There are 2 protein chains.
Amino acid sequence: MRIARIEFDGVVTIAIVDGDQVQPLTPGADLDELLMAAPSERALLVQRLAAGAPVDLSAVRLLSPVQPKTLRDYATFEEHVEGSLKGIGIDVHPGWYEQPVFFFCNTNAVSGHDEPVQMPPGSRRLDFELELAAVIGKPGKDLAPEQAGEHIAGYTLFNDWSARDLMASVMQIGAGPVKGKDFANTLGPWIVTADELEPYRRGDRLALEMHAEVNGMPLPGGGDSSANMSWSFEEIVAYASRGAELRPGDVLAAGTCGGGCLLEYWARTGRDEPPPLRPGDVVTLVAEGIGSLSNQVVAGVEPIDLPRARTTSRRPRPWDALSDS
Amino acid sequence: MRIARIEFDGVVTIAIVDGDQVQPLTPGADLDELLMAAPSERALLVQRLAAGAPVDLSAVRLLSPVQPKTLRDYATFEEHVEGSLKGIGIDVHPGWYEQPVFFFCNTNAVSGHDEPVQMPPGSRRLDFELELAAVIGKPGKDLAPEQAGEHIAGYTLFNDWSARDLMASVMQIGAGPVKGKDFANTLGPWIVTADELEPYRRGDRLALEMHAEVNGMPLPGGGDSSANMSWSFEEIVAYASRGAELRPGDVLAAGTCGGGCLLEYWARTGRDEPPPLRPGDVVTLVAEGIGSLSNQVVAGVEPIDLPRARTTSRRPRPWDALSDS
């Protein structure tokens, strides 16, 4: 089943996508309820909530299929991590292999298919990231990987837009990307429920072919398969749930796949080719079994200046005596 | 005005705290509306929404005053940043002085005053962080510092609980604290509106004395003043809003003040004294003009094992030829 959020006739509602037809559900239908339901219950729920006749997909506006409470972005593709670091001449940190690292994204910046993405203020090196993301259905905490599968309602595409120049200036401070990834997180075009993707399962990996296009042209380096994740979706869900609650609608992205962004090209070849994104460019992410997520870059504003850190006073501390000696 | 979220007689509602009395508002009263209102409108709104007679503060349970959509944690106190890094023998990164860095926190992990905090799975070095936080009222984007003040509805205390051992293993990878700060974010005891804190203003800084207590004993190193922020609250709000929307209820924390956590003691003195937090310990954060936020640490569970990164296949890429040469 494909679960979308749509605007149709001025009304925002949940809808079920079937081919090029869309079945709107009653306004006020609860996405969480749909995500939490088992596949068999989900079909009954949709029957009960269906409102009016199906409409053409082309007649509706797709919104982000979910407005996540939390959005974690992992880094589970070694090739991407290695490639991104190549440009600054450093190897993958040995700690990366020990645990699937993630950071939290700006959930206020979530938008959907076909929504414009503004150039972030001050960036001249805008990039995209091709990612697959799991959407939580059943809530949970402290899950084992073997239990985590039944907490995943489905999957969607995620574009983790990245201002490479803004990131470069802060990544070594250690807090994460700061303003480099604060401005746009696009999800969509819909959520494909986990049961529908079972045919793509290879062991504990979901093997979906993925690729990215800029202005309709596939990136010259080729795509990747989600089977190349160094941890499975079940494993990253389990890790997120370690000592922390997961709730329906939470989103966990797997991180950029191999060759899934421009930075890797720049770092591997030493040339800005393909060039950084500019207003007018359209980025399309495609994943087998899911569909495609397109967004156009539009002009932004100039940054408003902020001062550097101001020097401040210090209190006398017991350890001052130690450092004087 | 002091805005709280309370549970009273089994009902969760917004309430106004006045001394040791609490005025509950109509169930369903909208916190965002209250946060967005100008101070003069806010008083009228409370009159209109007041439900029943005031009750004793001791008779209600305080909840987190807000359930933020986004929670940013900055690092604006040089003394804390310097002290935290001392233990691993490194200086503050020069980039820290150029811009106020932040990361996003887990909003699912937000709780309030007196709620228990579970030991995070696998941590033996649990710490707290004493922080002041601004709560957004009026929404905004691309704000100048001079405009940002009127977008701040008020202030509250924030305890950014930190598992130092879990952080230590990942901070150098560059994504941020990962599971080191994923398990508990306590806010409270209430929001003090910005107008009420005007008497504490010194230029563009809010000068509130802050200190922390463990089991009722103030930390031996003394507290700090929020006047020692290297960027003002207006500046960190402006920076957050650069190319990104701020919404009512969003929370921006200033970061740990000087001497406001145990890590600084450990790093400055080379001894684990005061010791890492253990089940039973009560941490209390106190800020002038606001009040105090207390939480007790309780036992947690053991972590469920995850495998290391799995080696995966690679696609041939155009740049493979380059690196062979």
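All values reported here derive from a predicted model rather than from experimental measurement. Numbering of residues begins from 1 in every chain and follows the order in which that chain's sequence is written. The naming scheme follows written order: chains are lettered A onward, ligands numbered 1 onward. Reporting in this predicted model follows two pLDDT cut-offs: at least 70 for local features of residues, and 80 or more for side-chain atom pairs to be given and counted; totals over whole chains, interfaces and linings ignore these cut-offs and use all residues. The side-chain values count all of the structure's non-hydrogen atoms but skip hydrogen atoms and water molecules.

Asks: How should I be thinking about the UniProt feature "domain: Fumarylacetoacetase-like C-terminal" (unreviewed entry) in chain A in this particular structure?
Replies: UniProt positions are given in the numbering used here, feature names are shortened, and annotations may be inferred rather than shown by experiment. The sites that UniProt annotates as "domain: Fumarylacetoacetase-like C-terminal" (unreviewed entry) are residues 75-298 of chain A. Helix numbering and strand numbering both begin at the N terminus, where a helix is a DSSP run of H or I of at least 4 residues and a strand a DSSP run of E of at least 2. Strand forms 30% of residues 75-298 of chain A and helix 15%; the C-alpha atoms that close the span are 27 Å apart.

Asks: Would you take a moment to explain the packing of helix α3 (residues 78-86) of chain A against helix α7 (residues 262-269) of chain A for this structure?
Replies: Two measures define how a pair of helices packs: the angle their axes make with one another and the distance between the axes. Residues and elements named next belong to chain A. Lines fitted to C-alpha atoms define the axes, with helix axes restricted to the stretch in contact, and inter-axis angles between N-to-C directions lie between 0 and 180 degrees. One way to put it is that α3 packs onto α7 with a least axis distance of 7 Å and a crossing angle of 55°. It follows that α3 is oblique to α7 by the angle criterion. The two elements α3 and α7 cross, and the hand of that crossing is left-handed. For the pair α3 and α7, the contacting residues are E79, H80, E82, G83, S84 and K86 in the first and L263, E264, A267 and R268 in the second. Relative orientations are named as follows: roughly parallel for angles under 35 degrees, roughly antiparallel for angles over 145 degrees, roughly perpendicular for angles from 65 to 115 degrees, and oblique for any other angle. Crossings are sorted by hand: turned counterclockwise from the far helix by less than a right angle, the near helix makes the crossing left-handed, and turned clockwise it makes it right-handed. Throughout, a residue-residue contact means that at least one pair of heavy atoms, one from each residue, lies within 4.5 Å.

Asks: Help me out: how do you make sense of the interface of chain B and chain A in this one?
Replies: It is common to give the size of an interface as the accessible area lost on bringing the parts into contact. At the interface, 89 residues of chain B touch 89 residues of chain A. Salt bridges are defined by distance alone: a side-chain nitrogen of Lys or Arg within 4 Å of a carboxyl oxygen of Asp or Glu. Summed over the shared surface of chain B and chain A, the number is 14 salt bridges. Between N or O atoms, a polar contact is any pair within 3.5 Å; within protein, one atom must be a potential hydrogen donor and the other a potential acceptor, and residues adjacent in sequence are included only when both atoms are from side chains. Here chain B and chain A share 52 residue pairs in polar contact (both at pLDDT 80 or more) between them. Only α3 (78-86), β7 (102-104), β19 (224-225), α6 (233-240) and α7 (262-269) of chain B provide two or more residues apiece to the side of chain B that touches chain A. The element contributing the most residues to the side of chain B that touches chain A is α6(B), with four residues. Its residues assigned to classes, the side of chain B that touches chain A shows 38 nonpolar, 25 polar and 26 charged. Lys, Arg, Asp and Glu make up the charged group, whereas Ala, Val, Leu, Ile, Met, Phe, Trp, Tyr, Cys and Pro make up the nonpolar group; the residues left over, Gly among them, are polar.

Asks: Whenever I open this one, the pattern of salt bridges confuses me. Can you help?
Replies: Side chains that carry opposite charge are capable of pairing whenever their charged atoms lie near each other. Under the counting rule described, the total for this entry stands at 50 salt bridges over all chains. The partner of D204(A) in a salt bridge is R205(A), and the shortest N-O contact between them spans 2.9 Å. Here's how the labels work: a residue is buried when its accessible area is under 20% of the maximum for its type, exposed when over 50%, partly exposed in between, all with a 1.4 Å probe on protein chains only. A residue is classified by how much of its surface remains accessible, and D204(A), at 29% relative accessible area, is partly exposed. Among the residues examined, R205(A) registers a relative accessible area of 4% and is labelled buried. A salt bridge links E33(B) to R48(B); the shortest N-O distance between them is 3.9 Å. Of this pair, E33(B) sits in helix α1 (residues 31-36) while R48(B) sits in helix α2 (residues 39-49), and the two are 15 residues apart along the sequence.

Asks: Sorry if this is basic, but what is going on with the pairing of strand β21 (residues 282-287) of chain B here?
Replies: In the case of a regular strand, side chains alternate between the two sheet surfaces. Residue and element names in this part refer to chain B. When DSSP finds two or more bridges between two strands, those strands count as paired. Sheet topology places strand β17 (residues 209-214) next to β21; five bridges connect them, and they run antiparallel. Within β21, the position partnered with E213 by the bridge is T284. Examined bridge by bridge, β21 and strand β22 (residues 291-298) share six bridges and lie antiparallel to one another. Bridge pairing links V282 to Q296 in β22. The antiparallel pairing of β21 with β22 creates a hairpin that spans three residues between the two strands, and G289 there sits at a positive phi of about 80°.

Asks: Just to check I follow, could you spell out the relation of the copies chain B and chain A for this structure?
Replies: Superposition of the two copies of the chain requires a rotation about an axis together with a shift along that axis. After a rotation of 180° and a shift along the axis of 0.0 Å, chain B superposes on chain A with an RMSD of 0.0 Å. The superposition of one copy onto the other is thereby described by a two-fold rotation axis. The share of interface residues of chain B whose copies in chain A are also at the interface is 100%, consistent with both copies meeting through the same surface. Copy-to-copy alignment: least squares on C-alpha atoms, limited to residues at pLDDT 70 or above in both.

Asks: Sorry if this is basic, but what is going on with the packing of aromatic side chains here?
Replies: Between two aromatic rings, the relevant description is the distance of the centres plus the angle of the planes. Aromatic rings from Phe, Tyr and Trp, with only the six-membered ring used for Trp, were paired whenever their centres fell within 6.5 Å, and each pair was classed as stacked if the ring planes differed by under 30 degrees, edge-to-face if by over 60, and tilted otherwise. Tallying each qualifying case throughout the model produces 14 aromatic pairs over all chains. Ring centres of W96(B) and Y97(B) lie 4.9 Å apart, and the angle between their planes is 85°; on these two criteria the pair is classed as edge-to-face. Grouping aromatic residues by their ring pairs yields a cluster made of Y74(A), F102(A), F104(A) and Y239(A). Cation placement over rings: the criterion is NZ of Lys or CZ of Arg within 6 Å of the ring centroid and within 35° of the ring normal. The ring of Y239(B) is capped by K179(A), whose NZ or CZ atom sits 5.8 Å from the centre of that ring.

Asks: Is there a simple way to explain helix α2 (residues 39-49) of chain A in this structure?
Replies: What sets the pattern is the α-helix's 3.6 residues per turn: residues three or four places apart point alike. Residues and elements named next belong to chain A. R42, L45, V46 and L49 are the residues of α2 that are buried. Projection of α2 onto a plane perpendicular to its axis shows the buried side chains occupying an angular sector of 100°, all on one side. Along α2, the residues that are exposed and aim more than 90 degrees away from the buried face are S40, L44, Q47 and R48. Elements that come into contact with the buried residues of α2 comprise β1 (2-8), β2 (11-18), β3 (21-24), α1 (31-36), β12 (152-160) and β14 (185-193). The directions from the helix axis to the C-beta atoms are what the arc is built from.

Asks: What is the right way to read empty space enclosed by the protein from this model?
Replies: If you roll a probe as big as a water molecule over the atoms, it shows you where there is empty space left. Cavity: a set of points on a 1 Å grid over the protein atoms alone where a 1.4 Å probe fits but cannot get out. Pocket: an open set with protein on both sides within 12 Å along at least five of seven lines, its lining residues, like those of a cavity, having an atom within 4 Å of a point. Grid points are joined across faces, edges and corners, and a volume is the space filled by probe spheres set on the points. Counted according to the given criterion, the structure contains nine cavities of 30 Å³ or more. If you add up the space inside the largest cavity, you get close to 200 Å³. Surrounding the largest cavity, 19 residues form its lining, F103(A), F104(A), A175(A), F103(B) and F104(B) being those nearest its centre. Only β7 (102-104) of chain A together with β7 of chain B provide two or more residues apiece to the lining of the largest cavity. If you add up the space inside the second largest cavity, you get close to 60 Å³. Forming the boundary of the second largest cavity are 13 residues, of which C105(A), T107(A), K69(B), C105(B) and T107(B) lie nearest the centre.

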